[in-house]
Amino acid sequence: MPFDFDAAIHKQYDIVPLDPSFIPSKEVAKPHILWVGCSDSLTLETFTLAISQEEVFVHRNLGNILSNGDLSSESAVAWAVELLKVEHIVVCGHYGCALTKSDDPKALYGWSKDITRLHKMNDEFLGKFKDKYDERYREHRLEEIYTLAEAGWLRRQPIVKKAIQERGLQIHAFVYDRETNSAVRLVEIDDGKREI
Ligand SMILES: [Zn+2]
């Protein structure tokens, strides 16, 4: 199971403006952050975090997906966690991502089938509150719960889990907003305020 759909749809979280100095620059030419972003995003990790290029190892794919079990993503995570020993992993989605708007076309061979499923579940869930939420809210929420689900999935992977326990690796979920040219941080509400 790629991630827990039911938990994703019922996730409670806070949306906090991202301070670009949230992960401070170490001013060294060595990556201490793994950035997982969407290929079609205009998000610049160096701008979003006010860090230099040398400090970040970047992995991008269609929809910032890690939970598909593809070799490229797995290798990037293994490289960053076990060899570079990064201290932070950022999963950064973005509002308006085309992948969260459309059904999974055949040409994608099921690449985004989980997002499509989450999309339907999100619509059903919010359907109960139709009058309260507009389309923009539904789309934003989908991107948020999806990014949180990917970050949550990552936390449960054995090498990541081990690094969290042994050396304090931190996993963060961000969503970038092109309209405001800024990002937010998603903080899960769960027994206190534990950031996922
Ligand atoms: Zn995208």
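Here's what I pulled together on the structure shown here. (Residues numbered from 1 in each chain as written. Predicted model: local features only at pLDDT ≥ 70, side-chain atom pairs only at ≥ 80, totals over all residues. Heavy atoms only, no water.)

1. With respect to the packing of aromatic side chains
Scanning all chains against the criterion turns up 2 aromatic pairs. Aromatic pair F22 and F174: ring centres 6.1 Å apart, planes at 65°, arrangement edge-to-face. In this pair, F22 sits in the loop between β1 (13–17) and β2 (33–38) while F174 sits in strand β5 (residues 170–177), placing the two residues 152 residues apart along the sequence. Under the relative-accessibility criterion, F22 is labelled partly exposed at 26%. F174 gets classed as buried once you look at its relative accessible area, which sits at 0%. On the numbers, 6.2 Å between centres and 70° between planes, the contact of W35 with F174 is edge-to-face. Highlighted residues: W35 in strand β2 and F174 in strand β5, separated in sequence by 139 residues. Feature note: the residues F22, W35 and F174 constitute an aromatic cluster, connected by ring pairs. It is R117 that lies over the ring of F5; its NZ or CZ is 3.9 Å from the centre. (Phe/Tyr/Trp six-rings, centres within 6.5 Å; stacked < 30°, edge-to-face > 60°. Helix = DSSP H or I, 4+ residues; strand = E, 2+ residues; numbered from the N terminus. Buried < 20%, exposed > 50% of the residue type's maximum accessible area, 1.4 Å probe, protein only. Lys NZ or Arg CZ within 6 Å of the ring centre and 35° of its normal.)

2. Focus: the coordination of the zinc ion
The zinc ion binds to the protein through C38 (SG), D40 (OD), H94 (NE2) and C97 (SG), with metal-donor distances spanning 2.1 to 2.3 Å. One way to put it: the 4 donor atoms around the zinc ion meet at angles of 79 to 149°, and that makes the site irregular. Mapped onto the polypeptide sequence, the residues donating to the zinc ion form the spacing pattern C-x1-D-x53-H-x2-C. By relative accessible area, which is 0% here, H94 ends up buried. (Donors = N, O, S within 2.8 Å, 3.2 Å for Na, K, Ca; no water. Tetrahedral: all angles 85-135°; square planar, octahedral: opposite > 155°, others 65-115°.)

3. Some remarks on helix α3 (residues 71–83)
Think of an α-helix as 3.6 residues a turn; residues three or four steps apart then line up on the same face. In this model, α3 (13 residues) spans 17 Å end to end at C-alpha, consistent with the 18 Å of a helix rising 1.5 Å per residue. Along α3, the residues classified as buried are S73, A76, V77, A80 and V81. Seen along its axis, α3 keeps its buried residues to an arc of 110°; they face one direction. When the buried face of α3 is taken as reference, the exposed residues oriented beyond 90 degrees from it are L71 and L83. Turning to α3, the residues buried within the fold contact β2, β3 (56–61), β4 (88–94), α5 (135–155) and α6 (158–167). Where α3 ends, the next residue or the one after it, K85, has phi of about 50°, a positive value. (Expected span 1.5 Å × (residues − 1). Arc of directions from axis to C-beta. Contact = heavy atoms within 4.5 Å.)

4. Re the pattern of salt bridges
Once the charged atoms of two side chains with opposite charge are near each other, the side chains can pair. Using the criterion set out here, one finds 6 salt bridges in the structure. E87 is the partner of K26 in a salt bridge, and the nearest nitrogen-oxygen pair spans 2.5 Å. Of this pair, K26 sits in the loop between β1 and β2 while E87 sits in the loop between α3 and β4; the two residues are 61 residues apart in sequence, bridging distant segments of the chain. Looking at K26, the relative accessible area reads 39%, which means it is partly exposed. Across the pair K162 and E166 runs a salt bridge whose closest N-O atoms are separated by 3.7 Å. (Salt bridge = Lys/Arg side-chain N within 4 Å of Asp/Glu carboxyl O.)

5. Brief notes about the sheet that holds β5
In a beta sheet, neighbouring strands are held together by backbone hydrogen bonds and run either parallel or antiparallel to one another. Strand order in this open sheet of 6 strands is β1-β6-β5-β4-β2-β3, and the pairing throughout is mixed. Every interior strand has two partners, whereas the edge strands, β1 and β3, have only one. Strand-to-strand, the axes of this sheet are offset by a mean angle of 25°, without reference to chain direction. Across 6 bridges, β2 lies against β3 in parallel orientation. By the bridge assignment for β3, L34 is matched with F57. Sheet contacts for α3: β2, β3 and β4; angle to β3, the most-contacted strand, approximately 170°. (Pairing = 2+ DSSP bridges. Axes fitted to C-alpha atoms, helices over the stretch in contact; angles between N-to-C directions.)

Honestly, it's all geometry; don't read function into it.
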